[in-house]
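# Descriptive analysis of the structure
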Amino acid sequence: MKNTLVLLFFTPIILMAQQLRVDAATSYIAYEASHPIHDWSGTSDAVQGIIIMENNTPKRMAIAAAVSSFNSKNSNRDAHALEVLEALRFPKVSFYTENIRLNGDKLNLLGELKFHGVAISLETVASWNKIQDTWVLEGNFDVQPSKFDIKLPSFMLVKMRDNIRIRFLLELRTFAP
């Protein structure tokens, strides 16, 4: 009898919450960086994450990628980036939020971006659309590496610009354990 009451109590909560998982095969996070002499970009196709939905509205989000998964198509640059970013000490970049506001087909996100062992508050707006059985979250924002205590690398005695554009496209699907 006690087990039945517990089950009846939690059933509405379980039925109202839905878990969406990032489809790593079709999702990515990319960066664009710049130096006075040249620009470059890199992409990670190894994105992990979940969004918890309640009543068809996103309520919580956790997204992460391994620093080592970003590929700029230049192995020397990528190897140097892993040294500068201390990827062995700080192997992941992540974003977490419980502060999500749905405004039409846009999500206003206010959360915590953690990178290089430093967490900063991040506010951004992303598009949020459902296409058949897939939810698509797409957007961009800028970050300053120096805010994460990253020593900016230099080339020909000139440091890279202290601004990196982050772009993301995440395709999420319902997950049922």
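So, here is what we can say about the structure in this document. Remember, predicted model here, so these are calculated numbers, not experimental data.

Moving on, we come to the overall build of the protein chain. Each helix and strand counted, the protein chain has 2 helices and 12 strands in total. In sequence order, the protein chain lays out its α and β elements as α-β-β-β-β-β-α-β-β-β-β-β-β-β. For the protein chain, with 177 residues in total, the buried portion stands at 37%. Within the protein chain, contacts between residues at least 6 apart in sequence are counted, and of these 59% link residues at least 24 apart. When the accessible surface of the protein chain is totalled, it reaches about 10900 Å², and 56% of it is carbon and sulfur.

By the bridge criterion, 5 bridges tie strand β1 (residues 17–22) to strand β4 (residues 47–54) in an arrangement that is antiparallel. By the bridge assignment, Q19 is partnered in β4 with I52.

Size it by volume and the largest pocket reaches roughly 1000 Å³. Counting residues per element, the lining of the largest pocket draws most heavily on helix α2 (residues 75–84), which supplies 7 residues. Its residues placed into classes, the lining of the largest pocket shows 33 nonpolar, 8 polar and 2 charged.

Turning to the side chain of T124, a few remarks are in order. Relative to the helices and strands, T124 resides in strand β8 (residues 118–131). For T124, the side chain forms a polar contact with the main-chain oxygen of N140, separated by 3.2 Å. When sequence neighbours within four positions are dropped, the list of residues in contact with T124 reads L107, N108, L109, N140 and F141.

The next subject is the nonpolar core. Grouped together as the largest cluster of nonpolar side chains are 38 residues, with contacts concentrated most on I29, I51, M61, L113, W128, L137 and L172. Here this core takes 5 residues from strand β12 (residues 164–174), the largest share from any one element. In this structure L137 touches I51, M61, L107, A126, S127, W128, F168, L169, L170 and L172, once residues within four positions along its chain are discounted.

The next point concerns α2. Side chains three or four residues apart in an α-helix point the same way, a direct result of the helix having 3.6 residues per turn. Measuring from the backbone nitrogen of N76 back to the side-chain oxygen at the start of α2 gives 3.1 Å, which picks out N74 as the cap. Positive backbone phi, approximately 50°, marks E86, located one or two places after α2.

What the rule picks out here adds up to 6 salt bridges. Put simply, R89 and E86 hold a salt bridge, and the shortest N to O gap is 3.1 Å. What makes R89 exposed here is its relative accessible area of 59%. Of the charged contacts, one joins R173 and E171 as a salt bridge, the two residues approaching to 3.7 Å between their closest N and O atoms. Overall, R173 belongs to the partly exposed group, its relative accessible area being 27%. By sharing partners, the salt bridges in this structure join D23, E171 and R173 into a single network.

Parameters and conventions
Residues numbered from 1 in each chain as written. Predicted model: local features only at pLDDT ≥ 70, side-chain atom pairs only at ≥ 80, totals over all residues. Heavy atoms only, no water. Helix = DSSP H or I, 4+ residues; strand = E, 2+ residues; numbered from the N terminus. Buried < 20%, exposed > 50% of the residue type's maximum accessible area, 1.4 Å probe, protein only. Contact = heavy atoms within 4.5 Å. Areas by Shrake-Rupley, 256 points an atom, 1.4 Å probe, with all protein chains shown as cover. Pairing = 2+ DSSP bridges. 1 Å grid on protein atoms, 1.4 Å probe; cavity = no way out; pocket = protein on both sides within 12 Å on 5 of 7 lines; lining within 4 Å. Points joined across faces, edges and corners; volume = space filled by probe spheres on them. Nonpolar A, V, L, I, M, F, W, Y, C, P; charged D, E, K, R; others polar. Polar contact = N/O pair within 3.5 Å; in protein donor to acceptor, adjacent residues only side chain to side chain. Core = buried A, V, L, I, M, F, W, Y, C linked by side-chain atoms within 4.5 Å. Salt bridge = Lys/Arg side-chain N within 4 Å of Asp/Glu carboxyl O.

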